[in-house]
Amino acid sequence: MSLAQGRQHVAIPGPSVMPDRVIQAMMRPAPDIYSEEMDRMAPALVARLKEVARTRHQAVLYIANGHGAWEAALANTLSRGDEVLVLSTGRFAHGWAEIATRLGARPEILDFGNAEGIDAARVAERLRADRAGRLRAVLMVHTDTSSGLRSDVAAIRAAIDAAGHPALFMVDCIASLACDRFDMDAWGVDVMVAASQKGLMTPPGLGLVFFNDKAAEARKRADCVTYYWDWTPRSRPQITSQYFGGTPPTHLLFALEAALGMIAEEGLEAIWTRHATLARAIWAAAEHWGLGGPLRLNVADPALRAHSVTALWVGSDRATALRDWCAHRAGLTLGVALLGFGTPEWHRGFRVGHMGWMNAHMVLGALATIEAGLGAVGIDHREGGTSAAARVIAGA
Ligand SMILES: *Cc1c(COP(=O)(O)O)cnc(C)c1O
């Protein structure tokens, strides 16, 4: 029997749930792009974005998704033949490295697997061995959305400093910005990339790049950059269209303005605490389901788990059946097991997105639905995970 009629909950790790206020901000006719409103809006959005990233340096926007922001960050700082060190904790570092390759750079991937986390000592050791200083940049992903693993950004900065290495430090915060604590300037990040559709609760279509003076210096030598991706005019615009390399993405800007207003009203500290608490509720449910059985979280160490996305393995090939049951019978869409892409593992896991506009009843509803689905499709689990999550919420 289908019980799916009602408000759907798409709990995939991006695009995230859009707040009604964000949707309503877009319900208006096309504006005059030469209006005062547009002229006011662009610098105000940039200022707000810098607050969210905790930086006093530069922020630029591109009409692009996260892949565009990835390419912009690299194109503005690298030249053909440059070597870069990529720290991998899942699929996304490999995606960023592929873009570096296609730009003509030479990425070297230090692969830390999908569940264990980055060994900062190994990073320092690799950098110390680079006596000639050939590595131009160190790339890492704050939260890898495929594995649900969150890495310690400050620890990698410390490793770079311990090695006395001059490489630029670039961080992908696409799945963590406005979900997990991030402090660009305090943590010594030179370039950070983000996108609109995850913690920022805005439709896909805006790629964001934040960069400091050291990265701006690197831009002067970089030969990979082309007209559209050049961040220089975007960061020093004379007229509004220069923020966007052409026509502003008007309705995405209205949406982003509403979302950033909500973020400012709630406050970053409160947002981080909310995400951390809801994540703990999800972990409590999963750990309970897995007691004495095969179901488990991908990341065993709670200190390494993201607060915005959780990856689980069910211990059988029934995970696709579970996702189908939740979507078609109950109105809950779960994320695919991206780590298993192209392999039978695809059917052995799923992910829950819990980024952005997410509250206790949405998370408890999703968990109760998953628990019903585990029973309905015959996945071995211990009943009562939802109650374990409820205890976390009650105690928060
Ligand atoms: C979603 C995501 C990307 C890719 O973003 P797109 O908008 O799909 O191009 C890159 N990195 C991380 C960590 C992500 O979560």
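What counts and how
Per chain, the residues get numbers from 1 upward, laid out in the order the sequence is written. Reporting of local features is limited, given that this is a predicted model, to residues whose pLDDT is at least 70; pairs of side-chain atoms are given and counted only at 80 or more, and all residues count toward the totals for whole chains, interfaces and linings. By convention in this description, side-chain values take in all heavy atoms of the structure and omit both hydrogens and water. Under the scheme used here, helices are H or I runs from DSSP no shorter than 4 residues and strands are E runs no shorter than 2 residues, and both carry numbers assigned from the N terminus. For each residue, the accessible area found with a 1.4 Å probe, counting protein chains only, is set against the maximum for its type, and the residue is called buried under 20%, exposed over 50%, and partly exposed in between. The span one expects for a helix is its residue count, reduced by one, times 1.5 Å. Contacts are residue-level and defined by heavy atoms, with any inter-residue pair within 4.5 Å sufficient. What makes two strands pair is DSSP finding at least two bridges between them. Note on terminology: near, applied to a residue and a molecule or strand, indicates that one of the residue's heavy atoms is within 4 Å of it. By the criterion applied in these results, polar contacts are pairs of N or O atoms within 3.5 Å in which, for protein atoms, one can donate a hydrogen and the other can accept it, and in which residues neighboring in sequence qualify only through two side-chain atoms.

## Considering unusual backbone geometry
Phase 1 of the analysis: Cis geometry is found at the peptide bond from G14 to P15, where omega equals -5°.
Phase 2 of the analysis: Note on placement: P15 falls in the loop between strand 1 (9-11) and helix 1 (20-25).
Phase 3 of the analysis: Phi angles above zero are rare outside glycine, and A178 is one such case at about 65°.
Phase 4 of the analysis: With a relative accessible area of 4%, A178 lands in the buried category.
Phase 5 of the analysis: With a phi close to 60°, M201 is a non-glycine residue in the positive phi region.
Phase 6 of the analysis: Along the chain, M201 falls in the loop between strand 9 (191-195) and strand 10 (206-211).

## Overview of helix 11 (residues 319-330)
Three or four residues apart is the spacing at which side chains of an α-helix point the same way, because the helix has 3.6 residues per turn.
Phase 1 of the analysis: With twelve residues, helix 11 should reach 16 Å at 1.5 Å per residue; the first-to-last C-alpha distance of 15 Å fits that figure.
Phase 2 of the analysis: Against the buried residues of helix 11 lie strand 13 (332-336), strand 14 (349-353) and helix 12 (360-377).
Phase 3 of the analysis: Where helix 11 terminates, the next one or two residues include G331, which has phi positive at roughly 80°.

## A word on the sheet that holds strand 1
Phase 1 of the analysis: As summarised here, the arrangement of the five strands in space is 1-13-14-12-11, forming an open sheet in which the pairing is mixed. Two strands in the sheet have a free side with no partner beyond their single neighbour: strand 1 and strand 11 (296-297).
Phase 2 of the analysis: Inspection of the sheet shows strand 11 paired to strand 12 (residues 309-313) by two bridges, in the antiparallel sense. Following the sheet pairing, R296 is matched in strand 12 by W313.

## Digging into the site of the ligand
Phase 1 of the analysis: In the region of the ligand, 13 residues are neighbours, and H67, T145, D172, Q197 and K198 sit closest.
Phase 2 of the analysis: Measuring from an oxygen atom of the ligand, one finds a backbone N or O atom of G66 at 2.7 Å.
Phase 3 of the analysis: The contact in question runs from an oxygen atom of the ligand to an N or O atom on the side chain of Q197, over 2.7 Å.
Phase 4 of the analysis: For the shell around the ligand, the leading source of residues is helix 3 (residues 66-75), giving three residues.

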